[in-house]
Amino acid sequence: MKRRDVLRGALAAGLAGPGLAALTTTRNDIDAALAADHTNPDLSYWENTAERYGYGYHGQAPADVLADLSEEVDALKLLLLVPRTDRDRTTLSHVTGRMTGMIAIVLHDLGQHREAHRWFATAARAAERSGDPLLHSWVLGREAMVPLNYGAPQAAAQLAEKARHLAGNKPSAAAVLAAAVASRAYAIGGHRDQALEAVTAVEKLADQLSPQQHADTWFGYPMQKHHVHMSQALTLLGETGRAYEAQRAALELSRAPSLMTRALIAIDEASCRVHDGDREAAVGIVTQAYGGLPAAYRTGLTRTRALALYRALPADTPGRTQLADALAS
């Protein structure tokens, strides 16, 4: 059986044992290779590979994408040991930052936040060595989403502000992402004025991005992602009218296979309904959205958000038992 199939099986089974061990070994080897100041001679292949994976899940289960990325990065770590010119070293560091950053994103989506932080640290190290502050900002902005989604808004805000500083004042996908994450972190932490300032910055910067910067990839800032971020920030701020508008816009721009995105938007809508006093409708929305997901998607971020809403509902909320059943399945 091919190594990729073995790894995919281990990852799909819960990111434990040999699957997680293989990821850890690969990350440690990359850290060592970066410290050794070596690079890869076949740069065009790896630049194209990073671009290809940057288009996201495309309906694939996160564990499958993680297995494929791990296979690629396992090969990349060997090529990092080949010494080359300064230019090649810079290019390969850039590719390494992108590839390892994508592994970290998928780990985050799967709920493996500790391992995601470790991969983001590797990605940040590679991005810093590449000399590209926007890549470094992107890594930190993406990393900030780990504490943002798993209960540490202050840590998220600190990372997001570092990302904003690196990105500077010029419009870029990285700058808008950093401001968007900051808006959500401040909203979760109850810092309303700072959250609204960040929302204003996001909306101003997003309007100035080029079509290339709006590309629908993990490295771009497409309007669909913009509306998803604004949905979450405005929901947390209790700005339900604006939040509903963002949710509608996000759904209109979401591709059909975007199962996780659609579920998260539905959970935002349910939270807005709770805020507006319609708890029964909220339970119906989140139960249908979460319960309708394939098993591979009822983990990590979707489960965390659905569970948080469930716990916030009074025990006598109509339909709450059905939501509990969906969460237990």
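Shown above is the structure to which this text applies.
Described below are features of the structure shown in this document. (Residues numbered from 1 in each chain as written. Predicted model: local features only at pLDDT ≥ 70, side-chain atom pairs only at ≥ 80, totals over all residues. Heavy atoms only, no water.)

### Here's the deal with the overall build of the chain
How we decide: A run of DSSP states H or I qualifies as a helix once it reaches four residues; a run of E qualifies as a strand once it reaches two. Both are numbered from the N-terminal end. Residue exposure (1.4 Å probe, protein chains only): buried if accessible area is under 20% of the type maximum, exposed if over 50%, otherwise partly exposed. By the convention used here, residues are in contact when the closest approach between their heavy atoms is within 4.5 Å. Residue-level accessible areas treat just the shown protein chains as cover; the underlying method is Shrake-Rupley with a 1.4 Å probe.
Along the chain, the regular secondary structure elements total 16 helices and 0 strands. Out of the 329 residues in the chain, the part that is buried amounts to 53%. Long-range pairs, those at least 24 residues apart, make up 69% of the contacts in the chain between residues at least 6 apart in sequence. Summed over its atoms, the accessible surface of the chain is roughly 14,200 Å², and 52% of this surface lies on carbon and sulfur atoms.

### Observations regarding the nonpolar core
General note: in soluble globular proteins, nonpolar side chains tend to be found buried as a group. Selection rule: Only buried residues count toward a nonpolar core. Its members are Ala, Val, Leu, Ile, Met, Phe, Trp, Tyr and Cys residues joined through side-chain atoms within 4.5 Å.
By size, the foremost hydrophobic cluster in this structure holds 75 residues, and its most contacted members are Leu69, Met99, Val106, Trp119, Trp138 and Tyr221. For this core, the element with the highest residue contribution is helix α9 (residues 173–188), accounting for 13 residues. Those residues in contact with Val106, other than ones at most four positions away along the chain, are Tyr57, Pro62, Val65, Leu66, Leu69 and Trp218. Among the nonpolar cores identified, the runner-up in size contains 23 residues, and Ala270, Val283, Ala289 and Ala306 belong to it.

### A few points about the side chain of Thr287
Selection criterion: Counted as a polar contact is a pair of N or O atoms within 3.5 Å, where, for protein atoms, one must be capable of donating a hydrogen and the other of accepting one, and residues adjacent in sequence contribute only when both atoms are in side chains.
Relative to the helices and strands, Thr287 is located in helix α14 (residues 279–291). Taking relative accessible area as the criterion, Thr287 reaches 18% and is therefore assigned buried. A polar atom in the side chain of Thr287 sits 2.7 Å from the backbone oxygen of Val283. Not counting chain neighbours up to four residues away, the residues in contact with Thr287 comprise Gly292, Gln322, Leu323 and Ala326.

### Here we look at empty space enclosed by the protein
Where empty space is left becomes clear once a probe the size of a water molecule has been rolled over the atoms. Heads up, the rule is: Note on definitions: the grid is 1 Å and covers protein atoms alone; a cavity is a set of points where a 1.4 Å probe fits but cannot get out; a pocket is an open set with protein on both sides within 12 Å along at least five of seven lines; lining residues have an atom within 4 Å of a point. Grid points are joined across faces, edges and corners, and a volume is the space filled by probe spheres set on the points. The nonpolar class holds Ala, Val, Leu, Ile, Met, Phe, Trp, Tyr, Cys and Pro. Asp, Glu, Lys and Arg form the charged class, and all remaining residues, Gly among them, are polar.
Following the criterion strictly, the structure yields 2 cavities of 30 Å³ or more and no others. The calculated volume of the largest cavity comes to roughly 730 Å³. Around the largest cavity, the lining comprises 39 residues; the ones closest to its centre are Tyr57, Trp218, Gln224, Lys225 and Thr261. Of all the secondary structure elements, the ones that give two or more residues to the lining of the largest cavity are α5 (86–109), α7 (133–149), α9, α11 (223–236), α13 (259–275) and α15 (300–312). Broken down by element, the lining of the largest cavity gets its largest block of residues, 6 residues, from α13. Each residue belonging to the lining of the largest cavity can be placed in one class, and the counts come to 17 nonpolar, 14 polar and 8 charged.

### With respect to the packing of aromatic side chains
Aromatic ring pairs: the centre-centre distance and the angle between the two ring planes describe each pair. To keep it simple, the criterion reads: Only centres within 6.5 Å qualify two rings of Phe, Tyr or Trp (six-membered ring in Trp) as a pair; their planes then separate them into stacked at under 30 degrees, edge-to-face at over 60, and tilted for everything else. A ring is scored as having a charge over it whenever the NZ atom of a lysine or the CZ atom of an arginine sits within 6 Å of its centre and within 35 degrees of its normal.
The final tally for this structure, using the stated rule, is 3 aromatic pairs. With centroids separated by 5.3 Å and ring planes inclined at 90 degrees, the aromatic side chains of Tyr57 and Trp218 adopt a geometry described as edge-to-face. Taken as a pair, Tyr57 in the loop between α3 (43–53) and α4 (62–79) and Trp218 in the loop between α10 (192–206) and α11 lie far apart in primary sequence, 161 residues in all. On the numbers, 4.5 Å between centres and 40 degrees between planes, the contact of Trp138 with Phe219 is tilted. Here Phe219 lies in the loop between α10 and α11 and Trp138 lies in helix α7, a separation of 81 residues in the sequence. In this structure, Trp138 and Phe219 share a single accessibility class: buried. For Arg98, the ring lying beneath its charged end belongs to Phe219, and the centroid distance is 4.0 Å. Sitting over the ring of Tyr310, Arg320 keeps its end group 3.9 Å from the ring centre.

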